[in-house]
Amino acid sequence: MKYSGWPDPGELVVGKIDEIEDFGVFVDLEEYQDKRGLIHISEVASGWIKNVRDHVREGQIVVCKVLDVDESHEQIDLSLKDVNDHQRSDKIQEWKNEQKADNWMALALGEDVDDEIYTAIANELIGAHGSLYKGFKQAAIHGEEALEGTDLSDDEIESLVETARENVSVPYVNVTGYVDLENASPSGVDGIREALSAAEGNGEVPDEVNLEVSYVGAPEYRIKVKAPNYKTAESQLEDSARRAVAAIESHGGEGEYHRERQTDDE
């Protein structure tokens, strides 16, 4: 997907060097439709330049800073020297991510999707999350909830979420806590089992969260949570322990949540 408008001054853009002249370098902008910019020789590198070709080559992918845009003369002035290594690396990664997302759009909507439909759906993702890639990433993590408030149809949302969850690698975090469960009441082991089922969520744990409860050593049980971020992970961990303690107390037993392991043997 390429933008139809013009870049803004100060923006970082990805381009491919198309033509090299003694006075500067012409660059085709990879993110914008039919847009070409010029890097004047003074903006190619710091210091005196004897030969431009010592610094760039045709076909090279570069990251430039937009210095000025003159739409009436269809002129975009660019700088190569004003972009540092960190900015260059981040921008290239962002551009590659958007290319991935463009491919995911084709998977979700089909290769033959109408351009207007594609653009409309893409604009909904960009409007909601800032970019196609971020839209797919949020859909992979949060499912349909990530696309609520958009003008997308239920079928479109379902297709986007399914594609996101099949293709997006989401970074997860892991947290661990422990809960002690003791039950001297007549319900005994059955009460413990009910408390463990409550800890596991009884099927109500969000799809993006993986929660496991395992035995450590009487009376201690380990709760492990894998989630997209620490806030969610910590919340799910505490909720799991709270459910277990409430369930065992309803049987007249005792429960206690703690973050560090207290038993010596597994």
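None of these values were measured; they are calculated from a predicted model. Here the residue numbering is sequential within each chain, running from 1 through the sequence in written order. Residues qualify for local features only when their pLDDT is at least 70, as the model is predicted, and side-chain atom pairs are given and counted only at 80 or more; totals for whole chains, interfaces and linings, by contrast, use all residues. Based on all heavy atoms of the structure, the side-chain values leave hydrogens and waters out of the count.

**Side note on the overall build of the protein**
Just so we agree on the cut-off: A run of DSSP states H or I qualifies as a helix once it reaches four residues; a run of E qualifies as a strand once it reaches two. Both are numbered from the N-terminal end. With C-alpha atoms as the basis for the radius of gyration, the globule rule is written as 2.2 Å multiplied by the number of residues raised to the power 0.38. Burial classes follow relative accessibility: with a 1.4 Å probe on protein chains only, a residue under 20% of its type's maximum area counts as buried, one over 50% as exposed, and anything between as partly exposed. Note on contacts: a residue pair is in contact if any heavy atoms of the two residues lie within 4.5 Å. Working definition of accessibility: Shrake-Rupley area with a 1.4 Å probe, residue cover restricted to the visible protein chains. Only four residue types enter the charge count: Lys and Arg as positive, Asp and Glu as negative, with His and the chain ends excluded. Think of each charge as sitting on NZ of Lys, CZ of Arg, CG of Asp or CD of Glu.
Of the regular secondary structure elements, the protein holds 6 helices and 9 strands. Radius of gyration (C-alpha) of the protein: 27 Å, far over the 18 Å computed for a compact globule of 266 residues. On the principal axes, the C-alpha backbone points of the protein span a range of 90 × 45 × 25 Å. The buried share of the protein, taken over its 266 residues, is 42%. Sequence separation of at least 24 residues holds for 62% of the intrachain contacts in the protein that already meet a minimum separation of 6. Carbon together with sulfur atoms contributes 42% to the accessible area of the protein, which is approximately 15,100 Å² in total. Placing the 25 positive and 60 negative side-chain charges of the protein at their respective mean positions leaves the two points 8 Å apart.

**With respect to the UniProt feature "domain: S1 motif" (unreviewed entry) in the protein**
Stated formally: UniProt positions are given in the numbering used here, feature names are shortened, and annotations may be inferred rather than shown by experiment.
UniProt's feature table lists "domain: S1 motif" (unreviewed entry) at residues 10-81, given in the numbering used throughout. Taken end to end, residues 10-81 comprises 0% helix and 50% strand; its first and last C-alpha atoms sit 13 Å apart.

**Thoughts on the sheet that holds strand β9 (residues 254-258)**
The condition is simple: Strand pairing requires that DSSP identify at least two bridges connecting the strands. In this analysis an axis means a line fitted to C-alpha atoms, helices contributing only their contacting stretch, and an angle means the value between N-to-C directions, from 0 to 180 degrees.
Spatially, 4 strands are ordered β7-β8-β6-β9 in an open sheet, and the strand pairing comes out antiparallel. One side of each edge strand has no neighbouring strand; the edge strands of this open sheet are β7 (210-217) and β9. Ignoring which end each strand starts from, the neighbouring axes of this sheet average 25 degrees apart. Bridge analysis of β7 against strand β8 (residues 220-227) gives 7 bridges, and the strand direction is antiparallel. Looking at β8, one finds that Gly217 is bridged to Glu220. Its contacts with the sheet put helix α5 (residues 188-199) on β6 (173-182), β7 and β8, and the angle it makes with β6 is roughly 160 degrees. Across the face of the sheet, helix α6 (residues 230-250) comes into contact with β6, β7, β8 and β9 while running at roughly 10 degrees to β6.

**Some words on the environment of Cys64**
Examined against the element boundaries, Cys64 turns out to sit in strand β4 (residues 61-70). Relative accessible area serves as the criterion here: at 1%, Cys64 is assigned to the buried category. On a C-alpha basis, the gap between Cys64 and Arg88 in space is 8.3 Å, while along the polypeptide they are 24 residues apart. Look past the residues within four positions of Cys64 in its chain and what remains in contact with it is Glu11, Leu12, Val13, Ile39, Leu78, Ser79, Leu80 and Val83.

**Let's talk about the pairing of strand β5 (residues 75-79)**
Judged from the 2 bridges that link them, strand β3 (residues 36-40) and β5 form a sheet pairing that is parallel. Bridge pairing in β5 places Ile39 opposite Leu78. In this sheet, β5 lies alongside β4 in antiparallel orientation, the contact comprising 5 bridges. When the sheet's bridge partners are listed, Val69 is paired in β5 with Ile76.

**Details of the pattern of salt bridges**
Operational definition: By convention in these notes, a salt bridge is any Lys or Arg side-chain nitrogen within 4 Å of a carboxyl oxygen on Asp or Glu.
Going through the model one piece at a time under the given rule, you end up with 11 salt bridges. For Asp18, the salt bridge identified is with Arg36, shortest N-O distance 2.5 Å. Within this pair, whereas Asp18 is found in strand β1 (residues 12-21), its partner Arg36 is found in strand β3, the two being separated by 18 residues in sequence. Looking at Arg36, the relative accessible area reads 33%, which means it is partly exposed. In this structure, the salt-bridge partner of Asp28 is Arg36, at a minimum N-O distance of 3.8 Å. Residue classification places Asp28 among the partly exposed residues on the basis of a relative accessible area of 30%. In this structure, a network of salt bridges that share partners links the residues Asp18, Glu19, Asp28 and Arg36.

**Remarks on a negative patch on the surface**
The cut-off we apply is this: The patches reported here contain residues having more than 30% relative accessible area and no salt bridge. Joining distances are 9 Å for like charges and 5 Å for nonpolar side chains (Val, Leu, Ile, Met, Phe, Trp, Tyr).
Together, Glu144, Glu145, Glu148, Asp154, Asp155, Glu158, Glu162 and Glu166 give the surface a local cluster of negative charge. Position of Glu145 relative to the elements: it lies in the loop between α3 (132-142) and α4 (154-167). On the accessibility criterion, Glu145 (56% relative accessible area) is exposed.

**What to know about the pairing of β6**
When you tally the buried positions in β6, you get 7 out of 10 residues, the bulk of the element. One ladder, built from 8 bridges, connects β6 with β8; its direction is antiparallel. Each residue of the ladder has a partner; that of Val175, found in β8, is Val225.

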